[in-house]
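Inside the fold
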Amino acid sequence: MKAWRDGDCDGGGDEWGEEIELTRQAVEACNQLRPRPRFLVLCGDLVHAMPDTPFREGQERDLKEALKGTDPSIPLVFVSGNHDLGNTPTPRTVEQYCSAWGNDYFSFWVGGVLCLVLNSQLFYDASACPQLKDAQETWLEEQLSRASSSTEPTPKHVLVFQHIPLYLKSPDEEDDYFNLRKAVRQNLLARFKKAGVKAVFSGHYHRNAGGCHDGLDMVVSSAIGCQLGEDTHGLRVVVVTADAVVHRYHSLDQLREEGMAGDLQQLLQV
């Protein structure tokens, strides 16, 4: 947050104590939820310092230490962002990320729900690593085909997690730093809808945004840390039932003091 206030948007900033304290509060809030979350996902920009900048190592070390407080029953899911890989990722920056946090794209199942974690920087600018983009594309097409195949287990829902949103408010909006280019987003939207994807969850914007188009939710969540709009430091709680995916953004204070919203609690009690 100090880096943003000082106008150092590309550098690492020399202080991140505020972010570490907010992360600890987020971990505490998640640990208090009942029932406990099936997993906690961080939708990218795990640290502010770009690859090969002075404060990168320290920020990664301190974030990992803060996350150690997460209850062992709550798996952590990490999504790569532009600050994690660089705005134009290279094979080396992707390898560095994978060594520190795990694969940059992968899938997993939870309670009959298929979750796809994607590296959205490869959609944004893969000019320095075209082979990595092609590999993710091949893998993603396989995953989407299997999700809609009559010969494979049918997911109750398909959810996607990626750092950069497809769009902020409308699928037809103009290209922007905070969304994917129109041609790329339209291609992904068509493929996601065909495969029955229910929702795409993203970060990047540091504000809450999103929309719904032809039954596919684009959910853009603000941040635990730096806010660029009027939202508060917070987390989004998602409740998945057999028929629906319902989500609400909560401030950290609200979540720690009051728990999740009442309508979400009611869905869990049905």
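Residues numbered from 1 in each chain as written. Predicted model: local features only at pLDDT ≥ 70, side-chain atom pairs only at ≥ 80, totals over all residues. Heavy atoms only, no water.

Thoughts on the pairing of strand β4 (residues 113–117)
Our working definition: The buried label goes to any residue with under 20% of its type's maximum accessible area, the exposed label to any with over 50%, and the partly exposed label to all in between, with areas taken from a 1.4 Å probe on protein chains only. Every helix listed is a DSSP run of H or I at least four residues long, and every strand listed is a run of E at least two residues long, numbered separately from the N terminus. Two strands pair under a simple rule: DSSP has to find at least two bridges between them.
Of all five residues that make up β4, five are buried, and the element is covered over most of its length. Burial along β4 is two-sided: the face carrying V113, C115 and V117 and the face carrying L114 and L116 are both buried. As defined by bridge partners, strand β3 (residues 106–110) adjoins β4 across five bridges and the pair is classed as antiparallel. Bridge pairing in β4 places F106 opposite V117. A loop of two residues connects β3 with β4, the two strands running antiparallel in sequence, and G111 in this loop sits at a positive phi of about 55°. Here five bridges tie β4 to strand β5 (residues 157–161), and the two strands are oriented parallel to one another. Counterpart to L116 in the pairing with β5 is V160.

Things to note about unusual backbone geometry
Put simply, R34 and P35 share a cis peptide bond, and its omega is -5°. Within the secondary structure, P35 sits in the loop between α2 (17–32) and β1 (40–42). Within the chain, H204 stands out as a residue other than glycine whose phi angle is a positive 75°. Position of H204 relative to the elements: it lies in the loop between β6 (197–202) and β7 (209–213). Given a relative accessible area of 6%, H204 falls into the buried group.

So, the sheet that holds β7
Where we set the bar: All axes here are fitted lines through C-alpha atoms, helices being fitted over the stretch that makes contact, and every angle between N-to-C directions spans 0 to 180 degrees. Every residue pair with non-hydrogen atoms within 4.5 Å of one another is taken to be in contact.
Reading across the sheet, the six strands line up as β3-β4-β5-β6-β8-β7 and stay open at both edges, with mixed pairing between neighbours. Each having just a single partner strand, β3 and β7 make up the two edges of the open sheet. Sheet twist, expressed as the mean angle between neighbouring strand axes with direction ignored, is 15°. This element, helix α7 (residues 130–147), spans β3, β4, β5 and β6 of the sheet and lies at about 165° to β4.

Considering the environment of W109
Relative to the helices and strands, W109 is located in strand β3. For W109, a relative accessible area of 46% corresponds to the partly exposed category. Sequence spacing of W109 and E15 is 94 residues, and the spatial spacing of their C-alpha atoms is 37 Å.

A short note on the pattern of salt bridges
Short version of the rule: For this analysis, a salt bridge means a side-chain nitrogen from Lys or Arg found within 4 Å of a carboxyl oxygen belonging to Asp or Glu.
Summed over all chains, the structure comprises 14 salt bridges. For E174, the salt bridge is made with K182, and the minimal N-O distance between the two is 3.6 Å. Judged by relative accessible area, which is 61%, E174 ranks as exposed. Using a relative accessible area of 29% as the deciding quantity, one classes K182 as partly exposed.

Some points on the side chain of Q143
With respect to the element layout, Q143 can be found in helix α7. Apart from residues no more than four positions distant in its own chain, Q143 is found in contact with S107, L114 and L116.

Observations regarding helix α5 (residues 91–101)
Helical geometry: 3.6 residues make up each α-helical turn, so side chains three or four residues apart lie on a common side. Heads up, the condition is: Starting at the helix axis, one direction is taken to each C-beta atom, and the arc is that of these directions.
Turning to α5, its buried residues number three or more, namely T93, V94, Y97 and W101. Seen from one end, α5 has its buried residues packed into an arc of 100°, which puts them on one side. Every exposed residue of α5 that faces more than 90 degrees away from the buried side is listed here: E95 and S99. Among the structural elements, α3 (56–67), β2 (76–78), α4 (82–85) and α7 are those in contact with the buried residues of α5. Just downstream of α5, G102 is the residue with a positive phi angle, here 105°.

Quick word on the pairing of β5
Regular strands have side chains that alternate between both faces of the sheet. Here is the rule: For a crossover, the right-handed case is the one in which the path from the first strand over the helix to the second runs clockwise, viewed with the strands pointing away from the viewer.
The element β5 is largely enclosed, with a buried count of five among its five residues. The two faces of β5 match: H157, L159 and F161 on one face and V158 and V160 on the other face are all buried. One crossover worth recording links β5 to the parallel β6 by way of helix α8 (residues 182–195), and it is right-handed.

Focus: the side chain of N179
Filter applied, for reference: N or O atoms closer than or at 3.5 Å make up a polar contact, with two conditions inside protein: a donor-capable atom paired with an acceptor-capable one, and, for residues adjacent in sequence, both atoms drawn from side chains.
Tracing the sequence through the fold places N179 in the loop between β5 and α8. By relative accessible area, N179 is classed as buried at 1%. A distance of 3.0 Å separates a polar atom in the side chain of N179 from the backbone oxygen of E174. Those residues in contact with N179 that lie beyond four places of it in its chain are Y124, I164, P165, L166, Y167, E173, E174 and R185.

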